[in-house]
Each structure stands twice: as C-alpha cells, then as structure tokens.
Amino acid sequence: MQKIKNRAKKKIKLKKLKVSDFSNEYIMWLNNPETVKYTEQRYKKNSRKDIEKFVNNINKSKDSFLYGIYIEKNNKEEHVGNIKIGPINFNHKSSYISYLIGSKQFTNQGIATQAIYLIIDIAKKKFKLKKLFAGVYSMNKASRRVLIKNKFKCEGILKSSILFKNRRYDSMIYGKIL
Ligand SMILES: CC(C)(COP(=O)(O)OP(=O)(O)OC[C@H]1O[C@@H](n2cnc3c(N)ncnc32)[C@H](O)[C@@H]1OP(=O)(O)O)[C@@H](O)C(=O)NCCC(=O)NCCS
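To start, this report covers the structure provided alongside it. All values derive from a computational prediction rather than experimental measurement.

The next subject is the pairing of strand β7 (residues 167-177). Taken across its 11 residues, β7 has 8 buried, putting it largely inside the fold. Pairing of strand β5 (residues 131-137) with β7 involves 7 bridges; the strand directions are antiparallel. Each residue of the ladder has a partner; that of L132, found in β7, is K176. In the sheet, strand β6 (residues 153-164) pairs with β7 via 8 bridges, with the strands oriented antiparallel. Residue pairing across strands places L163 opposite R168, the latter belonging to β7. In this structure, the hairpin formed by β6 and β7 is closed by a connection of 2 residues, where K165 is found at a positive phi of approximately 50°.

For the structure shown, the criterion picks out 5 aromatic pairs. Every member of this aromatic cluster is reached through a ring pair, and the members are Y38, F164 and Y169. Its end group placed over the ring of Y70, K15 keeps NZ or CZ at 4.6 Å from the ring centre.

What surrounds the ligand is a group of 22 residues, the closest being I101, N108, T113, R145 and K149. Measuring from an oxygen atom of the ligand, one finds a backbone N or O atom of I101 at 2.6 Å. Interatomic distance of 2.8 Å between a backbone N/O atom of G110 and an oxygen atom of the ligand. Its free accessible area being 970 Å², the ligand has 77% of it covered by the protein chains. Within the residue set of the shell around the ligand, elements represented by two or more residues are β4 (94-101), α3 (111-125) and α4 (141-149). Considered class by class, the residues forming the shell around the ligand number 7 nonpolar, 10 polar and 5 charged.

Definitions and limits used
Residues numbered from 1 in each chain as written. Predicted model: local features only at pLDDT ≥ 70, side-chain atom pairs only at ≥ 80, totals over all residues. Heavy atoms only, no water. Buried < 20%, exposed > 50% of the residue type's maximum accessible area, 1.4 Å probe, protein only. Helix = DSSP H or I, 4+ residues; strand = E, 2+ residues; numbered from the N terminus. Pairing = 2+ DSSP bridges. Phe/Tyr/Trp six-rings, centres within 6.5 Å; stacked < 30°, edge-to-face > 60°. Lys NZ or Arg CZ within 6 Å of the ring centre and 35° of its normal. Near = heavy atom within 4 Å. Polar contact = N/O pair within 3.5 Å; in protein donor to acceptor, adjacent residues only side chain to side chain. Areas by Shrake-Rupley, 256 points an atom, 1.4 Å probe, with all protein chains shown as cover. Nonpolar A, V, L, I, M, F, W, Y, C, P; charged D, E, K, R; others polar.

Here you go:
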C-alpha cells in the first residue's frame, strides 16, 4: 500500500533570532552530522559559545539577517529551524539565502518551502532586492526541491566542487529574479 505523506500544513513564522531566544536543540542540530551532512557546517564543531558569537556577529552585521523558523505547538512557538539572508549586496540588490530544518521530526512537512516563501517576501519588501541565490550540493535533493517549489531555477553547476565521502560531486547555484 502506498504510504501517504502528512501534508497537513503547519503555520510557520519567521522571527529574527536573538541569542536570548535560541533553543538548546539549536546547538544539537548544528552538531548533528546527519542534519548538516550536505552543508559546510559539517566541518565545524559548535559549542554554545561559538554559536552565540555567530548569532551576535550576524545581528551586528549590516548585510546578513538570521531568522528563526517557528511553528505553533500546544499554544507555544517552537523553534524548528533557521533561515538566513545574506550577505546582501546592496549595490546589486542581490543576496544568498541558506536554511536548515533542525530535526527530522519536522522535515517533509513543507516547512522549508514556506520559510523560503516568507524570506522571498522579506527580500522584496524589506530589503528591496531583485535577485536571490542559493548554493546546494547536487545530491541534496530535498533542498533543490524546496527551491524549485519556490520557482528558483538552476543557473549554474560547479562541476566536481564538493568532496563527500571520498567522492566528488557538483554544487549548484539556484537563482530567482524577484
Ligand atoms: C533540505 C531541507 C531544508 C528541506 O526542508 P523540509 O522542511 O523538509 O522541506 P519541505 O518539506 O518543504 O520539502 C521537501 C521536498 O523535498 C522532497 N524530498 C525529500 N527528500 C527527498 C529525497 N531524498 N529525494 C527527492 N526529494 C526529496 C519532499 O518530498 C518534498 O517535496 P514535495 O513537497 O514535492 O513532495 C531540510 O531537510 C534540511 O534542513 N536539511 C538539512 C540542512 C540542509 O541541507 N539545508 C540546505 C542546505 S543547501
């Protein structure tokens, strides 16, 4: 029998992430090799102190903005991931985005797709941007899918640029004109 996926849409919210409101789980996500296997984060070991420094530095920067992704659960907001816009190139009105859903428990429920949809709106309305990019390892099919669902297009392939488990893979640049 075909397995039916739970597509019940969770309502999500993006809020600028402050050190004072990030969850303990956040530290675990970034240190979980399975979660970060297709990201550059896999090379880092992150203590709470390192992550606090990272969040504080972003919050001081003028061109990068980090948002927590929150869902409503039992009348409370639960932090389930992050999405970043930056560094923004204000001359060209363009920026990279990057994103992470922390726990497997929350993947494949449309959360990253919605978070990207919301960050596109922020990019347009708050930062007046005209172009977004995202870089993805070619084997990260879920990440490519969330971009495609938000009408990003593959604009470039960097052949054999990623070393993963002793094999070389392409990385891909997806772009969207806003
Ligand atoms: C990639 C990631 C952001 C996806 O988040 P998510 O909330 O699960 O994404 P969504 O539920 O919105 O959509 C996932 C889509 O990918 C599809 N998908 C999931 N795993 C897949 C796989 N192995 N192969 C092909 N498609 C896959 C899902 O079916 C879904 O598409 P559909 O709605 O058409 O069925 C999340 O898994 C994550 O944070 N991973 C770790 C960090 C990371 O890789 N970040 C991106 C770095 S570029």
